[in-house]
Amino acid sequence: MKGPLGQLMRQAQQVQDNLKRAQDEVAKLEVTGESGAGMVKVTLDGKHQARRVEIAPAAMQEDKEFLEDLIAAAINDASQKLDVLSKEKMAAATGGMQLPPGLNLGL
């Protein structure tokens, strides 16, 4: 295609390629969340799958409910960090262009 429509189609393809690359990068990320001043650390991958859980010996001295809360807080911390990184990578891939919710450009 030639003209403005052809240029628009090329730009859309480039954005789609950039988004795919960004998604692949996000999937390879590992992010660690912490709670209790580092007593519990949880590492998630880019697909929000737990890869590692570290519990300091001092945390084992606490009661069960407190430890469970620390684990949940560390998971939430890692998940929030991952969401921020994902949004940053996607914004970079689209050049800051806001895409409508639900628009996946074939991904």
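Residues numbered from 1 in each chain as written. Predicted model: local features only at pLDDT ≥ 70, side-chain atom pairs only at ≥ 80, totals over all residues. Heavy atoms only, no water.

Stated formally: UniProt positions are given in the numbering used here, feature names are shortened, and annotations may be inferred rather than shown by experiment.
An unreviewed UniProt entry annotates the protein chain as Nucleoid-associated protein SAMN04488068_0499 originating from Hydrocarboniphaga daqingensis. Reading the Subunit (unreviewed entry) entry of the UniProt record for the protein chain gives the comment "Homodimer." UniProt, in the comment section headed Function (unreviewed entry), describes the protein chain in these words: "Binds to DNA and alters its conformation. May be involved in regulation of gene expression, nucleoid organization and DNA protection."

### Some words on the packing of helix α1 (residues 3–28) against helix α2 (residues 64–93)
A pair of packed helices is characterised by two quantities: the angle between their axes and the separation of those axes. Definition in use: Helix axes use the C-alpha atoms of the stretch in contact, all axes being lines fitted to C-alpha atoms, and the angles between their N-to-C directions lie in the range 0 to 180 degrees. Only DSSP runs of H or I covering at least 4 residues are called helices, and only runs of E covering at least 2 are called strands; the numbering of each starts at the N terminus. In this scheme, roughly parallel covers angles under 35 degrees and roughly antiparallel covers those over 145, while 65 to 115 is roughly perpendicular and the rest are oblique. The handedness criterion is simple: a crossing whose near helix is rotated anticlockwise from the far helix by less than a right angle is left-handed, and one whose near helix is rotated clockwise is right-handed. The contact definition used throughout considers only heavy atoms, calling two residues in contact when any of these lie within 4.5 Å. Under the convention adopted here, Pro, Cys and the residues Ala, Val, Leu, Ile, Met, Phe, Trp and Tyr are nonpolar, Asp, Glu, Lys and Arg are charged, and Gly plus all remaining residues are polar.
With their axes 8 Å apart at the nearest point, α1 and α2 run at an angle of 160° to one another. It follows that α1 is roughly antiparallel to α2 by the angle criterion. Between α1 and α2 the crossing geometry is right-handed. For the pair formed by α1 and α2, the contact residues are N18, L19, A22, Q23, E25 and V26 on the first element and S86, K89, M90 and A93 on the second. Here the contact of α1 with α2 is built from residues that sort into five nonpolar, three polar and two charged.

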